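Spelled out, the chains give:
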Amino acid sequence: MELLDINKPSISEFYNGRSVFVTGGTGFLGKLVVEKLLRSCPGIENIYFLIRPRHNTHINDRHLKVVNSPAFDLLREKSPEALQKIILIEGDVSCLELGISKTDQEVLFDKVSVIIHAAASVALNDTLKKAVLTNLRSMRELLKLAHQMKNLKSMIHTSTAYCNLILPEIKEKIHPTELDPHAIINLCENFPDDILKEWTPRLLKNHENTYVFAKALAEILITIDGIGLPIAIVRPSIIGACVAEPKVGWTDSYTAITPFIDAVARGMFCSGYCSKDALCDVVPADMVVNTIIAASWTVTRENYTCCDVASVKVYNSVSGDVHPITFEQFADLSVNIGQKYPSG
């Protein structure tokens, strides 16, 4: 008797013949998602890549900079033809309708089966308006588009493990808040910056900054505007990645800690105050990428439909105490590895 393989279709097979809409593809995490999809899911039809002009740079030039980066070295070597599956969609997540033209919207409505939302402004000192328009209102606009996608099978929102730091324990669920995300969007759309600046501390309350505040409300918004859509949330902690091929003698911790060393070497991170025994929660980027891609597959396998706060699938992609590294270890690694392998 042949046993049923509960892993069928595989993750790669799930993407066969399907097109994916990716936001944030020019960012650190987004470009890794795009590369992994093209390399590990050869049957994928197309990736619709949202990209905005920046500093008088055309979207084609920005795209070339992404695909010519070291992150795509292996793909360019093994399967360069896969890069032809990237279709550029001009837009801007901080704009209404994500700044996407009506013509391009119709293409997305007809072709897209999977959405991976990785776009965000991660600056911790953003004004309330910028954080809300980029990290919260963008979710509202994306959900509007998602409702019109005829073949949508799954949607993944990349949040952050730090959006609920006001709680003693962060569980794999959406934590309710008394604030209405639509009301916050309305405030930021209609009030001037000076008034919003005055209101910001009262609105944030115990939230550390506007970034985590907007991200927390974006999760709530999913349960309101995402009813009927197959959605899951992935919450990474600090994402790290190796900047070169591993060499003999390099520890696992190096892979995750490299971006910090680079930031210190470039003068972007000068000093910090923390307990030496506190955990520096860093998760390797490839693990986050795999979680995002697998979560999309899982949503479809479970025939999951978003309907309320309790039912939204949430994945905390963190190291926690499973493979911990303390800030003291981080400091030691920064000094030792930084001296041996200086930042380029």
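Residues numbered from 1 in each chain as written. Predicted model: local features only at pLDDT ≥ 70, side-chain atom pairs only at ≥ 80, totals over all residues. Heavy atoms only, no water.

> Explain the overall build of the protein to me, please; I cannot follow it from the model alone.
Looking only at helices and strands, one finds 13 helices and 9 strands in the protein. By the burial criterion, 47% of the 344 residues in the protein qualify as buried. Of all intrachain contacts in the protein linking residues separated by at least 6 positions in sequence, the fraction that spans at least 24 positions is 82%. Of the roughly 17,500 Å² of accessible surface on the protein, a fraction of 54% belongs to carbon and sulfur atoms. (Helix = DSSP H or I, 4+ residues; strand = E, 2+ residues; numbered from the N terminus. Buried < 20%, exposed > 50% of the residue type's maximum accessible area, 1.4 Å probe, protein only. Contact = heavy atoms within 4.5 Å. Areas by Shrake-Rupley, 256 points an atom, 1.4 Å probe, with all protein chains shown as cover.)

> Where do I start with the sheet that holds strand β6 (residues 231-236) in this structure?
What links the strands of a sheet is backbone hydrogen bonding, and the strands pair in either a parallel or an antiparallel sense. One open sheet holds the 7 strands; their spatial order is β3-β2-β1-β4-β5-β6-β9, and the pairing between them is parallel. Sheet topology places β3 (86-90) and β9 (313-317) at the edges, where each strand pairs with a single neighbour. Neighbouring strand axes in the sheet, compared pairwise and without regard to direction, differ in orientation by 20° on average. (Pairing = 2+ DSSP bridges. Axes fitted to C-alpha atoms, helices over the stretch in contact; angles between N-to-C directions.)

> Would you explain the nonpolar core in this entry?
Generally speaking, soluble globular proteins have nonpolar side chains that are buried together. Core analysis: the largest hydrophobic core is formed by 44 residues, its most contacted members being Phe-21, Ile-115, Leu-136 and Met-149. The element best represented in this core is helix α10 (residues 210-225), accounting for 7 residues. Apart from the residues within four sequence positions on either side, Phe-21 is in contact with Tyr-48, Leu-50, Leu-98, Ile-100, Leu-108, Val-112, Val-114, Ile-115, Ile-116, Leu-142 and Met-149. With 38 residues, the next largest nonpolar core counts Leu-38, Phe-72, Ile-156 and Tyr-315 among its residues. (Core = buried A, V, L, I, M, F, W, Y, C linked by side-chain atoms within 4.5 Å.)

> Can you walk me through the side chain of Thr-326 in this structure?
With respect to the element layout, Thr-326 can be found in the loop between β9 and α13 (327-340). Excluding anything up to four places from it in sequence, Thr-326 contacts Lys-276, Asp-277, Ala-278, Leu-279 and Cys-280.

> Is there a simple way to think about unusual backbone geometry in this case?
Excluding glycine, most residues fall at negative phi; most peptide bonds, likewise, are trans. The backbone phi angle of Asn-56 is positive, close to 65°, even though this residue is not glycine. For Asn-56, the location among the structural elements is in the loop between β2 (46-51) and α3 (59-67). With a phi close to 50°, Lys-205 is a non-glycine residue in the positive phi region. For Lys-205, the location among the structural elements is in the loop between α9 (193-204) and α10.

> Where do I start with the layout of surface pockets in this structure?
Approximately 270 Å³ is the volume attributed to the second largest pocket. Around the second largest pocket sit 19 residues that line it, and Ile-166, Pro-176, Thr-177, Glu-178 and His-207 are the ones nearest its centre. Among the elements that line the lining of the second largest pocket, the one with the most residues is α10, at 5 residues. Residue composition of the lining of the second largest pocket, by class: 11 nonpolar, 5 polar and 3 charged. (1 Å grid on protein atoms, 1.4 Å probe; cavity = no way out; pocket = protein on both sides within 12 Å on 5 of 7 lines; lining within 4 Å. Points joined across faces, edges and corners; volume = space filled by probe spheres on them. Nonpolar A, V, L, I, M, F, W, Y, C, P; charged D, E, K, R; others polar.)

> Any chance you could explain the packing of helix α6 (residues 128-135) against α10 here in plain terms?
Between two packed helices, both the angle of their axes relative to each other and the distance between the axes serve to describe the pair. Packing of α6 against α10 leaves a shortest axis separation of 9 Å and a crossing angle of 35°. Pair α6 / α10 crosses with right-handed handedness. Facing Leu-128, Ala-131, Val-132 and Asn-135 of α6, the residues of α10 in contact are Thr-210, Tyr-211, Phe-213, Ala-214 and Ala-218. For the contact of α6 with α10, the class distribution of residues is 7 nonpolar, 2 polar and no charged. (Left-handed = near helix turned anticlockwise from the far one by under 90°.)

> Got a minute to help me understand the pattern of salt bridges in this structure?
Between side chains of opposite charge, a pair can form when the charged atoms approach closely. Scanning the entire structure with this criterion turns up 13 salt bridges. The partner of Glu-141 in a salt bridge is Arg-140, with the nearest N and O atoms 2.9 Å apart. For Glu-141, a relative accessible area of 3% translates into the label buried. The shortest N-O distance in the salt bridge between Arg-235 and Glu-219 comes to 2.9 Å. Separated by 16 residues along the polypeptide, Arg-235 in strand β6 and Glu-219 in helix α10 bring together distant segments of the chain. Of the two residues, Arg-235 and Glu-219, neither departs from the other in class, the shared state being buried. The structure contains a network of salt bridges with shared partners spanning Arg-137, Arg-140, Glu-141, Lys-144 and Glu-189. (Salt bridge = Lys/Arg side-chain N within 4 Å of Asp/Glu carboxyl O.)

Purely geometric numbers; function is a separate question.
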